[in-house]
Amino acid sequence: MRRFLFALAALAWVGAALAQTPSVGKTTYEGACAPCHSVGVLGAPKFGDGAAWKARAKNGIDGLVKSAVAGTAKGMPPRGGRSDLTEAQLRAAIVHMMSGGAAPAVAAAAAPRPASSAAPARPAATAAPAAAPAAPAAVTAAATAPVAVPAIVSSAEARAEVNAFNRLLKPSGGFNRPAVDSGIHDPANDMTLQLQAPTVAFAALPKSPAGNHVDWVKSLANKAIEPRWDRNDPAATAVVMDLNIVREVKGSMPDVVYPHKQHTEWLDCSNCHPKIFIPQKGANQISMAAILLGQKCGVCHGKVAFPVSECRLCHSRKKAAATVAGEARP
């Protein structure tokens with residue numbers, strides 16, 4: 001009887017946890033966990049990947065929460081780099097990721113279990129006491145369900161790559177594909193076929209481990225490429241602004257450094273201001289969730305610039321470092 005009551009209590013707990021997932025879990029995931037868990041940065045279990053979560057859930061939800069609070073040796077900082085997150089928020093986010101955002105009908109599943117196990121148990125206990133252990137065995141199996149990943153099954157929709165539009169976040173069977181297969185150029189345009197193959201065009205350029213595997217900043221600095229600044233005036237040169245903007249980041253992640261120099265060597269100010277970034281202190285609310293959705297920095301990064309999986313290229317300033325000449329805080 002005690003085991004039976006324990007099973008009901010455990011199932012009720014999972015039901016309560018999943019009930020808050022659509023709000024607390026989803027919000028916490030999108031605001032703090034998605035940058036790594038949506039794409040599997042450093043081997044992080046992906047959103048809705050039941051097999052990956054099962055391998056890490058040997059100690060149940062409590063073990064996963066404890067690991068999230070403490071951080072991992074593989075690179076996850078304590079509380080995912082967000083010291084402001086509570087254990088309840090982390091727990092809700094973990095349940096949300098394990099379930100793939102789909103809340104199973106736990107209450108409906110819980111109802112038949114005690115009925116099927118309790119009904120035969122009563123007559124068996126009356127006629128033959130030796131048969132009574134059959135009921136606790138069934139209840140014991142049910143009691144383990146709340147902490148086992150298979151009890152939280154993700155749907156095919158939930159397993160779909162949430163950042164499929166951001167083509168450089170996840171290799172799609174190769175990089176530097178022909179223009180007709182790039183996802184950028186119009187394959188129906190005859191002139192697309194006239195473009196030089198990227199593998200040929202990029203062969204002599206400095207290499208990078210991310211994106212299209214070309215270090216474009218180094219290529220520009222070494223004069224390996226000389227982009228034309230003005231379509232009509234071949235003698236026009238870029239107006240380069242050598243100013244770094246430092247954005248302080250919550251949690252343990254290093255602060256973000258935005259170098260105007262490397263950007264203005266390529267782009268005119270009007271490409272970013274004021275449509276993408278308002279040139280005013282405190283006017284721009286930037287988050288990794290927004291970037292992953294193709295906003296702010298995500299307008300370019302992950303599409304035509306290096307993907308956001310290369311965390312250290314942006315998060316490059318230690319928090320203890322003092323402001324140096326030539327840098328300004330937003």
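As a starting point, this report considers the structure included with it. Please read all numbers here as calculations on a predicted model, not as lab measurements.

**Some thoughts on the nonpolar core**
And step 1. Of all hydrophobic cores here, the largest spans 20 residues; its most connected members are Tyr-29, Trp-53, Leu-64, Ile-94, Met-97 and Met-98.
And step 2. Of all the elements in the fold, those that place two or more residues in this core are α1 (2-37), α3 (60-70), α4 (87-99) and α12 (288-292).
And step 3. Looking at this core element by element, the count peaks at six residues for α4.

**Looking at the layout of surface pockets**
And step 1. Size it by volume and the second largest pocket reaches roughly 410 Å³.
And step 2. Looking at the second largest pocket, it is lined by 18 residues, and the ones nearest its centre are Leu-220, Lys-223, Pro-227, Ala-238 and Glu-265.
And step 3. If you list the elements that add at least two residues to the lining of the second largest pocket, you get α10 (216-221) and α11 (260-264).
And step 4. Of the residues assigned to the lining of the second largest pocket, the class counts are eleven nonpolar, two polar and five charged.

**A short note on the side chain of Ser-38**
And step 1. Within the secondary structure, Ser-38 sits in the loop between α1 and α2 (50-56).
And step 2. One polar contact links the side chain of Ser-38 to the main-chain carbonyl oxygen of Ala-34, over a distance of 2.4 Å.

**With respect to α4**
And step 1. Helix length check: α4, at 13 residues, gives a terminal C-alpha distance of 18 Å against a target of 18 Å (1.5 Å per residue), a fit within 8%.
And step 2. In terms of burial, α4 is largely enclosed, as ten of its 13 residues are buried.
And step 3. By the burial criterion, the buried members of α4 are Leu-90, Arg-91, Ala-92, Ala-93, Ile-94, Val-95, His-96, Met-97, Met-98 and Ser-99.
And step 4. Looking one or two places after α4, you find Gly-100, whose phi comes out positive at around 70 degrees.

**Section: the pattern of salt bridges**
And step 1. Counted by the stated rule, this structure contains five salt bridges.
And step 2. The salt bridge involving Asp-255 is made with Lys-319; its shortest N-O contact spans 2.9 Å. Separated by 64 residues along the polypeptide, Asp-255 in strand β2 (residues 255-259) and Lys-319 in the loop between β3 (315-317) and β4 (327-328) bring together distant segments of the chain.
And step 3. Glu-265 serves as the salt-bridge partner of Lys-261, at 3.0 Å between the closest nitrogen and oxygen.
And step 4. Residue Lys-261 is classed as partly exposed on the basis of its relative accessible area, which comes to 31%.

**Digging into the pairing of β2**
And step 1. Where strand β1 (residues 244-247) meets β2, four bridges bridge the pair, whose relative direction is antiparallel. From the neighbouring strand, Ile-245 faces β2, where its bridge partner is Tyr-258.

**Overview of α3**
Because the α-helix completes a turn every 3.6 residues, residues three or four places apart line up on one side.
And step 1. Every buried residue of α3 is accounted for by Gly-60, Ile-61, Leu-64, Val-65 and Ala-68.
And step 2. Just beyond α3, the residue with positive phi is Gly-71, at close to 90 degrees.

**A word on the packing of aromatic side chains**
And step 1. For the structure on display, the rule yields three aromatic pairs.
And step 2. An aromatic cluster is built from Phe-202, Trp-216 and Trp-266, whose rings are joined through pairwise contacts.

Cut-offs used in this document
- Residues numbered from 1 in each chain as written.
- Predicted model: local features only at pLDDT ≥ 70, side-chain atom pairs only at ≥ 80, totals over all residues.
- Heavy atoms only, no water.
- Core = buried A, V, L, I, M, F, W, Y, C linked by side-chain atoms within 4.5 Å.
- Buried < 20%, exposed > 50% of the residue type's maximum accessible area, 1.4 Å probe, protein only.
- Helix = DSSP H or I, 4+ residues; strand = E, 2+ residues; numbered from the N terminus.
- 1 Å grid on protein atoms, 1.4 Å probe; cavity = no way out; pocket = protein on both sides within 12 Å on 5 of 7 lines; lining within 4 Å.
- Points joined across faces, edges and corners; volume = space filled by probe spheres on them.
- Nonpolar A, V, L, I, M, F, W, Y, C, P; charged D, E, K, R; others polar.
- Polar contact = N/O pair within 3.5 Å; in protein donor to acceptor, adjacent residues only side chain to side chain.
- Expected span 1.5 Å × (residues − 1).
- Salt bridge = Lys/Arg side-chain N within 4 Å of Asp/Glu carboxyl O.
- Pairing = 2+ DSSP bridges.
- Phe/Tyr/Trp six-rings, centres within 6.5 Å; stacked < 30°, edge-to-face > 60°.

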